[in-house]
Amino acid sequence: MEKQVKHEGNKTPLPFTFIVGTTSLAFVVSQLDVSIVNIALPQISRSFSADISELQWIVDAYTIAFAVLMLSAGGMSDLLGSKRLFQFGLLVFGIASVGCGLSWNPFSLIGFRVLQGIGAAIMIPSSLSILNQSFAHHKTQRSRAVALWTAAGGVSIAAGPILGGLLMHISNWRMIFFVNIPLCLVGILLSIKLKESEKHPNKGFDIPGQLTWMLALTALIAAIIELHHLGFNNPLIYGGLIFSAIMLVLFLRIEKKAASPILPLDLFKSPTFNVLVLLGIVLNGSYYGTVFVLSLYLQDVLHYSSLAAGMAFLPLTAGFIISNLISGRLMAKYGTRIPILAGLLIGTVGFAGLLIAHAGTPYWQLFIPFITIPLGMGLAVPAMTTGILASVTKTRSGTASAVLNTTRQAAGAMGVAVFGAMANGGAVAIVHAITISSIISAVGLLCVILLIRKYLKTA
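The shown structure was predicted, so the numbers you read here are calculated from the model rather than taken from an experiment.

Engineer: Would you mind going over the overall build of the protein in detail, with residue names and values included?
Structural biologist: A tally of regular secondary structure across the protein gives 16 helices and two strands. The buried share among the 459 residues of the protein stands at 60%. When contacts within the protein are restricted to residue pairs at least 6 apart in sequence, long-range pairs at least 24 apart make up 84% of them. For the protein, the exposed area adds up to about 17600 Å²; of that, 70% sits on carbon and sulfur atoms.

Engineer: Please give an account of the packing of aromatic side chains that cites residues and values.
Structural biologist: Throughout the structure, instances matching the rule amount to eight aromatic pairs. Taken together, a centroid distance of 5.5 Å and an interplanar angle of 35 degrees make the contact between Trp 213 and Phe 251 tilted. Here the residue Trp 213 occupies a position in helix α8 (residues 207-230), and Phe 251 occupies one in helix α9 (residues 235-257), the gap between them amounting to 38 residues. The buried category is assigned to Phe 251, whose relative accessible area is 1%.

Engineer: For the packing of helix α13 (residues 337-353) against helix α14 (residues 363-390), give the residues involved together with the corresponding values.
Structural biologist: Each pair of packed helices can be described by the angle between their axes along with the distance between the axes. For the pair α13 and α14, interaxial distance at closest approach is 7 Å and the crossing angle is 155 degrees. In this view, α13 runs roughly antiparallel relative to α14, as classed from their interaxial angle. Handedness of the crossing formed by α13 with α14: left-handed. Seen from α13, the contacting residues are Pro 339, Ile 340, Ala 342, Gly 343, Ile 346, Gly 347, Gly 350, Phe 351 and Gly 353; seen from α14, they are Pro 369, Thr 372, Ile 373, Leu 375, Gly 376, Met 377, Leu 379, Ala 380, Ala 383 and Met 384. Here the contact of α13 with α14 is composed, by residue class, of 13 nonpolar, six polar and no charged.

Engineer: So what's going on with the nonpolar core? Which residues, and what values?
Structural biologist: Counting residues in hydrophobic clusters, the biggest one holds 127 residues, and the most contacted among them are Met 123, Leu 276, Tyr 287, Tyr 297, Leu 298, Leu 344 and Ile 452. Counting residues per element, this core draws most heavily on helix α10 (residues 271-301), which supplies 17 residues.

Engineer: Lay out α14 in plain terms, naming residues and giving numbers.
Structural biologist: The end-to-end C-alpha distance of α14, which contains 28 residues, comes to 41 Å, matching closely the 40 Å that a straight helix rising 1.5 Å per residue would cover. Within α14, 20 of the 28 residues are buried, which leaves it mostly tucked inside the rest of the structure.

Engineer: A description of the environment of Ala 433 should follow, citing residues and the corresponding values.
Structural biologist: On the secondary structure map, Ala 433 appears in helix α16 (residues 427-455). Its relative accessible area of 0% is what places Ala 433 among the buried residues. Through-space distance from the C-alpha of Ala 433 to that of Tyr 297 is 9.6 Å; in sequence the pair is 136 residues apart. Among all residues touching Ala 433, those that are not within four sequence positions of it are Val 293, Phe 419, Met 422 and Ala 423.

Engineer: Mind laying out α9, listing which residues take part and the relevant values?
Structural biologist: Between its first and last C-alpha, α9 extends 32 Å over 23 residues, near the 33 Å set by a 1.5 Å rise per residue. Three or more residues of α9 are buried, namely Ile 237, Gly 240, Ser 244, Met 247, Phe 251, Ile 254 and Glu 255. A side-chain oxygen of the first residue of α9 lies 2.8 Å from the backbone nitrogen of Leu 236; this N-cap is Asn 234.

Engineer: Requested: an account of a nonpolar patch on the surface, with residues and values cited.
Structural biologist: Together, Leu 227, Phe 232, Tyr 238, Ile 242 and Ile 246 line one region of the surface with nonpolar side chains, adding up to about 480 Å² of accessible area. With three residues, the single largest contributor to the nonpolar patch is α9. Here Phe 232 shows up in the loop between α8 and α9.

Engineer: Kindly report on the packing of helix α1 (residues 16-48) against helix α7 (residues 180-191), identifying the contributing residues and their values.
Structural biologist: With their axes 10 Å apart at the nearest point, α1 and α7 run at an angle of 155 degrees to one another. In terms of orientation, α1 lies roughly antiparallel with respect to α7. Here the hand of the crossing between α1 and α7 comes out left-handed. On α7, the residues that touch Phe 18, Thr 22, Leu 25, Val 29, Leu 32 and Asp 33 of α1 are Asn 180, Leu 183, Val 186, Gly 187, Leu 190 and Ser 191. Residues of the contact of α1 with α7, tallied by class, amount to seven nonpolar, four polar and one charged.

Engineer: Talk me through the environment of Val 282; I want residue IDs and the actual numbers.
Structural biologist: Take Val 282: it is sitting in helix α10. For Val 282, a relative accessible area of 16% puts it in the buried group. When the C-alpha atoms of Val 282 and Val 443 are compared, they prove to be 10.0 Å apart, with 161 residues separating the residues in sequence. Excluding residues within four positions of it along the chain, Val 282 makes contact with Gly 444, Leu 445 and Val 448.

Rules and cut-offs
Residues numbered from 1 in each chain as written. Predicted model: local features only at pLDDT ≥ 70, side-chain atom pairs only at ≥ 80, totals over all residues. Heavy atoms only, no water. Helix = DSSP H or I, 4+ residues; strand = E, 2+ residues; numbered from the N terminus. Buried < 20%, exposed > 50% of the residue type's maximum accessible area, 1.4 Å probe, protein only. Contact = heavy atoms within 4.5 Å. Areas by Shrake-Rupley, 256 points an atom, 1.4 Å probe, with all protein chains shown as cover. Phe/Tyr/Trp six-rings, centres within 6.5 Å; stacked < 30°, edge-to-face > 60°. Axes fitted to C-alpha atoms, helices over the stretch in contact; angles between N-to-C directions. Parallel < 35°, antiparallel > 145°, perpendicular 65-115°, else oblique. Left-handed = near helix turned anticlockwise from the far one by under 90°. Nonpolar A, V, L, I, M, F, W, Y, C, P; charged D, E, K, R; others polar. Core = buried A, V, L, I, M, F, W, Y, C linked by side-chain atoms within 4.5 Å. Expected span 1.5 Å × (residues − 1). Polar contact = N/O pair within 3.5 Å; in protein donor to acceptor, adjacent residues only side chain to side chain. Patch = residues over 30% accessible without salt bridge, like charges linked within 9 Å, V, L, I, M, F, W, Y side chains within 5 Å. Salt bridge = Lys/Arg side-chain N within 4 Å of Asp/Glu carboxyl O.

That's the geometry; what it means functionally is another story.
Set out below in structure tokens:
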């Protein structure tokens, strides 16, 4: 029988699946647009005569905006209420998707991708806050809800290349943005029935903190993306890196003194919180960067069509579906530590498996890492998210989820910038980038395993 959740002041209990399904739509569209664009990059490049630097900006404009605004959005969710932020985020995302589909050059597309990132930043913390507060007193239901929410995002990010390949086979790259519009409309309509969450008593917004964080992250990623073209000796590059470091230090000083910081530093007093945030950084940096390079590899090195390249990513979708469902059951029985460790070990094997990729690798060999990487991530990510939410009070769930997702998105943008820069130079450079990125990713996961074993003792 369907379990129902009765909100305070709500006479009609809402079904478990309704709450999870509605909030998951935000994660679906936001994650879909991370990966669906990757498969379209060669076609976008031909349409606009865009070089790899512009392609990196098309991908990273979204993730940068996502990352720099999510901390503020998490605070706004806790202060203003999750429901209204959730609806506003979906509206902004839908409007931006129309703009992306109608863009007329690389720069207009980059601009609308920024607007998409703003919408995603607004709706993700609020959706997770709605989930956390809805099931705050039901630990098993919360774990299951977060696992399903994460599964929806994991499946969408893995299914993005497949859906993108199909849409481009039927039409062209513009359709990959128009597909978001009905999803956003459905999400807005369904969310009308959701009840508003409890609000955090603190008031005010940290504008100086938001500004310095935005400048620090944007300058850092811009310098990395343009490094290949301009060279490190160019003042724009080393100047950007120095400026980013200064802004980051200033940001931390502001947050330490701010009355209502966008990044409450007391959250980092918990070793559990810290190690789980680091886990999110390593996973997203590895995955986003690797998928970016693999999309180029399949089409520019192995010469797959966009449809064939999209279908080649099918194991990623299957792996996420299977492991996300298993993760929820493992958490219910063993807590968060076991699925995280198991997922990291499997993911390490998957990234190491990409070392076989070369100019003529048959697909059956690529299939093994293509399915083990999402199997590992799908086990670890729901447990990681549940652990983050469990480490804070429910009135700070929006802020805590924003910190996690901000660092993850920032790491994803860094992964695309660093791994993408290594792939700049044709087929040989792309194959070399896969080799180096695989080593970096596998070693990174192994290091996090050691930290998890030491600091994450209980679930």
